[in-house]
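# A look at the structure
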Amino acid sequence: MSAPARPPLTLSVAPMMDWTDRHCRVFHRALTRRTLLYTEMVTTGAIIHGDRDRHLGFDAAEHPVALQLGGSDAAALAECARMGEDFGYDEINLNCGCPSDRVSSGSFGASLMGTPDTVARAVEAMRAATRLPVTVKHRIGIDDLDSYEHLTGFVRTVEAAGCDTFIVHARKAWLSGLSPKENREIPPLRYDVVRQLKADFPHLTVVLNGGVLTLDAAQDALAWADGVMIGRAAYQDPFILARADQDVFGESAPPVTRREAIEAFVPYVAAQLEAGQPLPRMMKHTLGLFAGQPGARHWKRTLSEQGHKPGAGLEVVRAALEGVPAEVLDARPGVPAPQPA
């Protein structure tokens, strides 16, 4: 049996704990059909010993979607990679970049950059267990292991195990002394390091991650990187994704409006409400849809205050929409707003 088609890595939304859950991904898919989406990091222990449907289940509308795994045991990672393929994911990604204390104490996440042989064994085992592409997301260094020589040694070792795609967060991580939030902001961005990595390994797929705040910035980076991963900007101002299919992937269809995105999301929300999910669990991912626009405060306040009431349903979404001007709801990215007569 041939391997599944490889998902495009040109533009993706980063895996973010407590943010990029299945509800978030369905909403993002209402804005962009082509951008690759990632799950939150899921640990091997949670999958093997927990509720697999809860941890691995996703909506078919999310494709292309990648499963990010956290762990260091090669056999456990291989088992979870096999499950990921069975559930229908398009890619398996190994997290070697998360700097949280909880992750580091478990000897996975960013701490794996200190043991490239462990990563290589894991990649080799996962590749043997699945036909899906196996990729690695990592930092440019950790603690005092932050030389370019260490980074290239890590890449060479993992490449030798069969990995050809490296998603590089262009910051080092301090495993002690900085919180996860500080590790996203304090270590300086070093795009030059990632650019040099691509130059020195032209045969590998190198994806840039870290500090990319706009689609224009992503397109600038695509002049030298094979792909760009957008993180919190895609969550805090998700409408930046609306231009992606046209501007990045060359689609001819016009970008969606905010109203169209919400209308596309509503049937999913209705189904989740019917299944017993509370409204805020879905709609929290839309709070940034009107960032910087008239009506943004009304949208967020209505969803936040009324959405938490018992039995809250789609009437809250309609009430939130009523406070947003039509010219904001129907504005199409890249199309000048009509001028008043």
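Residues numbered from 1 in each chain as written. Predicted model: local features only at pLDDT ≥ 70, side-chain atom pairs only at ≥ 80, totals over all residues. Heavy atoms only, no water.

## Concerning the overall build of the protein
Basically, it comes down to this: Every helix listed is a DSSP run of H or I at least four residues long, and every strand listed is a run of E at least two residues long, numbered separately from the N terminus. For the radius of gyration, the atom set is restricted to C-alpha positions; the globular benchmark scales as 2.2 Å times the number of residues to the power 0.38. Burial classes follow relative accessibility: with a 1.4 Å probe on protein chains only, a residue under 20% of its type's maximum area counts as buried, one over 50% as exposed, and anything between as partly exposed. Every residue pair with non-hydrogen atoms within 4.5 Å of one another is taken to be in contact. A 1.4 Å probe and the Shrake-Rupley method give the accessible areas. Residues count as covered only by the protein chains that appear here. Under the convention used here, Asp and Glu are negative, Lys and Arg are positive, and both His and the chain ends fall outside the count. For charged residues, the charge sits on one atom: NZ in Lys, CZ in Arg, CG in Asp, CD in Glu.
Helix and strand counts for the protein come out as 17 helices and 8 strands. Compactness check: the protein gives a C-alpha radius of gyration of 20 Å against a globular reference of 20 Å for 341 residues, within 12% of the reference. Considered along the principal axes of its C-alpha atoms, the protein spans approximately 65 × 45 × 45 Å. Sorting the 341 residues of the protein into buried and exposed places 53% on the buried side. Contacts in the protein between residues far apart in sequence, at least 24 positions, make up 72% of those at least 6 positions apart. Just so you have it, the protein exposes about 14,900 Å², and 51% of that area is on carbon and sulfur atoms. Treating the 35 positive side-chain charges of the protein as one cloud and the 41 negative ones as another, the clouds have centres 2 Å apart.

## Structural notes on the sheet that holds strand E6 (residues 165-169)
So the rule is basically this: Strands are labelled as partners when DSSP assigns at least two bridges between them. Axis definition: a line fitted to C-alpha atoms, over the contacting stretch in the case of helices. Angles run 0 to 180 degrees between N-to-C directions.
Pairing within the closed barrel is parallel, and its 8 strands lie in the order E1-E2-E3-E4-E5-E6-E7-E8. Strand-to-strand twist in this sheet, taken as the mean axis angle between neighbours without regard to direction, amounts to 25 degrees. Taken strand by strand, helix H4 (residues 74-87) contacts strand E3 (65-70) and strand E4 (91-96), and its axis lies near 160 degrees from that of E3.

## Re the pairing of strand E7 (residues 205-209)
Keep this limit in mind: With strands facing away from the observer, any crossover in which the path from the first strand over the helix to the second runs clockwise is taken as right-handed.
Burial analysis of E7 places 4 of its 5 residues in the buried class, the great majority of the element. As paired strands, E6 and E7 are joined by 5 bridges and run parallel to one another. Within E7, the position partnered with isoleucine 167 by the bridge is valine 207. One ladder, built from 3 bridges, connects E7 with strand E8 (residues 227-230); its direction is parallel. Along E8, the bridge assignment pairs asparagine 209 with methionine 229. Handedness of the crossover joining E7 and E8 through helix H10 (residues 215-221): right-handed.

## Some points on the pattern of salt bridges
Convention followed: What makes a salt bridge here is a side-chain nitrogen of Lys or Arg within 4 Å of a carboxyl oxygen of Asp or Glu, nothing more.
Per the counting criterion, the structure on display carries 11 salt bridges. Across the salt bridge formed by arginine 131 and glutamate 85, the nearest N and O atoms sit 2.7 Å from each other. Residue arginine 131 is found in the loop between helix H6 (116-129) and strand E5 (134-139), and its partner glutamate 85 is found in helix H4; the two are separated by 46 residues along the sequence. The buried category is assigned to glutamate 85, whose relative accessible area is 17%. Between aspartate 247 and arginine 243 there is a salt bridge whose closest N-O contact spans 2.6 Å. Overall, arginine 243 belongs to the partly exposed group, its relative accessible area being 23%. Ionic contacts of the salt-bridge type, sharing partners, join the residues Arg33, Arg34 and Glu251 into one network.

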